[in-house]
Amino acid sequence: MIISGADWFKQGAVRDSRRSVDEMHAMLESAETYQRDQEVSMLVTIARYTYPYEAQIARALLDSEGIEAFIADEQTINMQWLYSDALGGVRLQVLAEDRERALRLLQEDRETALVEQEGDDRPACPVCGSRDTEYYQIGRRWAFLVFLAIDFPLYRVRDGIRCHACGAITELPSS
Ligand SMILES: [Zn+2]
């Protein structure tokens, strides 16, 4: 078969471009692999806090679940806490592979805190009937102070409700 100079050139160009596409694929693949490998040990920010102690609490929670967490910018914030918001707060970071689990744990913790704060089904106040009440642990403060002082839980903490409308604190019947 006789091919013209132009055809020969075209075929060569196709061969060259095909090779370079393959080469580009290979380059992209190795770049992606490299990136993946990097991400495995990369730290990602999962939360921001205005104050370092908030980040410390979250970090302790994750730590108790076996997730290593790191606090970034803490030094800067401690020295210039006024600028905390400007800097975007204290960052809580975890390894990329722990990200999903850490976020789920923090989310669960927040939901638990909200339920404790709001109450799922708030009981009516026996004194005035208002539903504007909150769960209240009667004797908690004393129990805590006594426990601190003599290292023994002398006071019994009882579950009660506090009414926001009339201020009454009523002990809940123990179940
Ligand atoms: Zn009441």
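The rules behind these values
- Residues numbered from 1 in each chain as written.
- Predicted model: local features only at pLDDT ≥ 70, side-chain atom pairs only at ≥ 80, totals over all residues.
- Helix = DSSP H or I, 4+ residues; strand = E, 2+ residues; numbered from the N terminus.
- Buried ≥ 20, exposed ≤ 12 C-beta atoms within 10 Å, placed from the backbone.
- Contact = placed C-beta atoms within 7 Å.
- Pairing = 2+ DSSP bridges.
- Axes fitted to C-alpha atoms, helices over the stretch in contact; angles between N-to-C directions.

In this section: the overall build of the chain. The helix and strand inventory of the chain stands at five helices and six strands. When the helices and strands of the chain are listed from N to C terminus, the series reads α-β-α-β-α-β-α-β-α-β-β. Within the span of the chain, comprising 175 residues, buried residues form 11% of the whole. Sequence-distant contacts, at least 24 apart, represent 61% of the contacts inside the chain between residues at least 6 apart.

What follows concerns the sheet that holds strand 3 (residues 90-95). The antiparallel open sheet is built from three strands, whose spatial order is 1-3-2. Every other strand in the sheet has two partners, leaving strand 1 (43-49) and strand 2 (69-72) as the edge strands with one partner each. Going across the sheet, the axis of each strand differs from the next one's by a mean of 30 degrees, ignoring polarity. One ladder, built from four bridges, connects strand 2 with strand 3; its direction is antiparallel. Counterpart to A72 in the pairing with strand 3 is R91.

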